[in-house]
Amino acid sequence: PASYDNNGKSVPVTMSGKPTRDAKTIGDALVDAGFTVMRFSSVHADDELANETPGMAMGIPFPYSVELTRSARDAFRARAPESLDRLILVGHSLGAPRATAVADDGVVGLVCLAGAYVSRTDASVLSSSAEAAKAIEPYDSDDDGVLAGAEIDQADADEELHSAIIDHDNDGVIHAWEVAASWRLDGRSPDSDSAKFREGIPWFSDVVRDRRIPALMIFGGLDTISIHGPWLESHAKTHELDITVEYFPELGHNLSEERDELIDSINPGVVDQIVAWCVGRRQTLAQ
């Protein structure tokens, strides 16, 4: 929504003052490229909070949301022509592991946008990035939350930080999530076999490895969840997986611009990247 009501006061959400319709934007672009698209929502139609303010919709248990996703997948197959037997699943944030959990032999691609829980870690993304932010703070002379220019050189001279100062998204600055990602690659945050939160639902990294499903991962450079990106790149190289990891440095978790906690509609470049990757999968399968 463009705004929501808080005790009679209108609180803005979007930079433009208009509601975002990112799923429709992506869907329309894919239809224009010749794909048949189904979009579905996990928000209950009778959710009173959602009817009042969409952003306040009540969450549902993750395992149940996976069942809804599986039902949506099956409903699409039941209604679509028999020729449409190959699916690409697209999910944002928690939608990424939901899509992964229902990937079967008919799924030929996964598009994960700012995907949560897409690598094997129980370490909190927020806490690990907060620890990294505290570590780089002494070198952040302009107090803007990132390291740039001489700040990077000074941090790099710190023996404790040296191996962690890696510009993973190649934007010329070092974010706290990049330091946390480097620490993880160094083994500071070990991979986990825990079923905590997941209740038997498979890890994304296991699904794409075991099923050899090609995947596109898109992260925003302003988003702490991007910590998963470097690990996925390493994982793909180790296991020879077809995982493409793309970073959009100036974007946040919604893969839009952010300003003063306000968001915008999804960046057109992200939509173009999604469509181009899906078209590439179609062409590969047609060969």
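Residues numbered from 1 in each chain as written. Predicted model: local features only at pLDDT ≥ 70, side-chain atom pairs only at ≥ 80, totals over all residues. Heavy atoms only, no water.

Undergrad: Quick question: what am I supposed to make of the pairing of strand 3 (residues 87–92) here?
TA: Each regular strand shows side chains that alternate between the opposite faces of the sheet. Taking every second residue as pointing to the same face, the buried face of strand 3 carries Leu87, Leu89 and Gly91, while none of Ile88, Val90 and His92 on the other face is buried. The pairing of strand 3 with strand 4 (residues 107–113) spans six bridges and is parallel. Among the inter-strand pairings, Leu87 is bridged to a residue of strand 4, identified as Val107. Between strand 3 and its parallel partner strand 4, the chain crosses via helix 4 (residues 95–101), and the hand of that crossover is right-handed. (Buried < 20%, exposed > 50% of the residue type's maximum accessible area, 1.4 Å probe, protein only. Helix = DSSP H or I, 4+ residues; strand = E, 2+ residues; numbered from the N terminus. Pairing = 2+ DSSP bridges. Right-handed = clockwise from strand over helix to strand, strands pointing away.)

Undergrad: Is there a simple way to think about the packing of helix 1 (residues 22–32) against helix 10 (residues 268–286) in this case?
TA: To describe two helices that pack against each other, one gives the angle between their axes and the distance between the axes. Taken N-terminus to C-terminus, the directions of helix 1 and helix 10 make an angle of 40°; their axes are 10 Å apart at the nearest point. As summarised for this structure, helix 1 and helix 10 are arranged oblique, according to the angle between their axes. In terms of crossing hand, the pair formed by helix 1 and helix 10 is right-handed. Residues Thr25, Ile26, Ala29 and Leu30 of helix 1 lie in contact with helix 10, whose contacting residues are Val271, Ile274, Val275 and Cys278. Residue classes in the contact of helix 1 with helix 10 are distributed as seven nonpolar, one polar and no charged. (Axes fitted to C-alpha atoms, helices over the stretch in contact; angles between N-to-C directions. Parallel < 35°, antiparallel > 145°, perpendicular 65-115°, else oblique. Left-handed = near helix turned anticlockwise from the far one by under 90°. Contact = heavy atoms within 4.5 Å. Nonpolar A, V, L, I, M, F, W, Y, C, P; charged D, E, K, R; others polar.)

Undergrad: Looking at this structure, how should I read the packing of aromatic side chains?
TA: If you walk through the whole model with that rule in mind, you get two aromatic pairs. Here Trp177 and Tyr247 contribute two aromatic rings whose centre-to-centre distance is 5.9 Å and whose plane-to-plane angle is 25°, an arrangement assigned as stacked. On the criterion of sequence distance, the pair formed by Trp177 in helix 7 (residues 176–185) and Tyr247 in strand 8 (residues 243–248) is long-range, its members being 70 residues apart. A relative accessible area of 13% places Tyr247 in the buried class. Members of the aromatic cluster, each reached through a chain of ring pairs, are Trp177, Phe219 and Tyr247. (Phe/Tyr/Trp six-rings, centres within 6.5 Å; stacked < 30°, edge-to-face > 60°.)

Undergrad: Honestly, the sheet that holds strand 3 in this entry has me stumped. Any pointers?
TA: As a general point, the strands of a sheet are linked pairwise by backbone hydrogen bonds and lie either parallel or antiparallel. Taking strand neighbours across the sheet as the criterion, the four strands line up as 3-4-7-8 in an open arrangement whose pairing is parallel. Single-partner strands in this sheet number two, and they are strand 3 and strand 8. The mean angle between the axes of side-by-side strands here comes to 15°, regardless of whether they run parallel or antiparallel.

Undergrad: Please explain unusual backbone geometry as it appears in this structure.
TA: What you tend to see is this: most non-glycine residues have negative phi, and most peptide bonds are trans. A positive phi is found at Ser93, a non-glycine position, where the angle reads about 60°. Despite not being glycine, Tyr117 shows a phi value in the positive range, around 55°. As for its placement among the helices and strands, Tyr117 is situated in the loop between strand 4 and helix 5 (125–136).

Undergrad: I tried to follow the environment of Gly221 on my own but got confused; where do I start?
TA: Considering the arrangement of structural elements, one finds Gly221 in the loop between strand 7 (215–220) and helix 9 (228–239). On the accessibility criterion, Gly221 (0% relative accessible area) is buried. Counting along the chain gives 44 residues from Gly221 to Trp177, while the straight-line C-alpha distance between them is 8.8 Å. In this structure, Gly221 is in contact with Asp169, His175, Trp177, Ser226, Phe248, Pro249 and Leu251, ignoring residues within four places of it in sequence.

Undergrad: In this structure, what is going on with the side chain of His235? I would like to understand it.
TA: In this fold, His235 is placed in helix 9. Those residues within four positions of His235 in sequence are excluded, and the remaining contacts are Ser205, Arg209 and Leu241.

Undergrad: Is there a simple way to think about the nonpolar core in this case?
TA: In terms of nonpolar packing, the biggest core is built from 51 residues, with Leu110, Val179, Phe204 and Met217 touching the most fellow members. Take this core: its biggest share by element is six residues, from helix 7. Ignoring sequence-local partners within four residues, the contact set of Met217 consists of Cys112, Val118, Phe204, Leu232, Ile243, Thr244, Val245 and Glu246. In terms of nonpolar packing, the next biggest core, distinct from the first, is built from 18 residues, Leu251, Val271, Ile274 and Val275 among them. (Core = buried A, V, L, I, M, F, W, Y, C linked by side-chain atoms within 4.5 Å.)

Undergrad: What's the story with helix 9 in this structure? I'm lost.
TA: Three or four residues apart is the spacing at which side chains of an α-helix point the same way, because the helix has 3.6 residues per turn. The end-to-end C-alpha distance of helix 9, which contains twelve residues, comes to 16 Å, matching closely the 16 Å that a straight helix rising 1.5 Å per residue would cover. Among the residues making up helix 9, those that are buried are His228, Gly229, Pro230, Trp231, Leu232, His235 and Ala236. The elements touched by buried residues of helix 9 are helix 5, helix 7, helix 8 (204–211), strand 7 and strand 8. Positioned one or two residues after helix 9, Glu240 has a phi angle of 55°, which is positive. (Expected span 1.5 Å × (residues − 1).)

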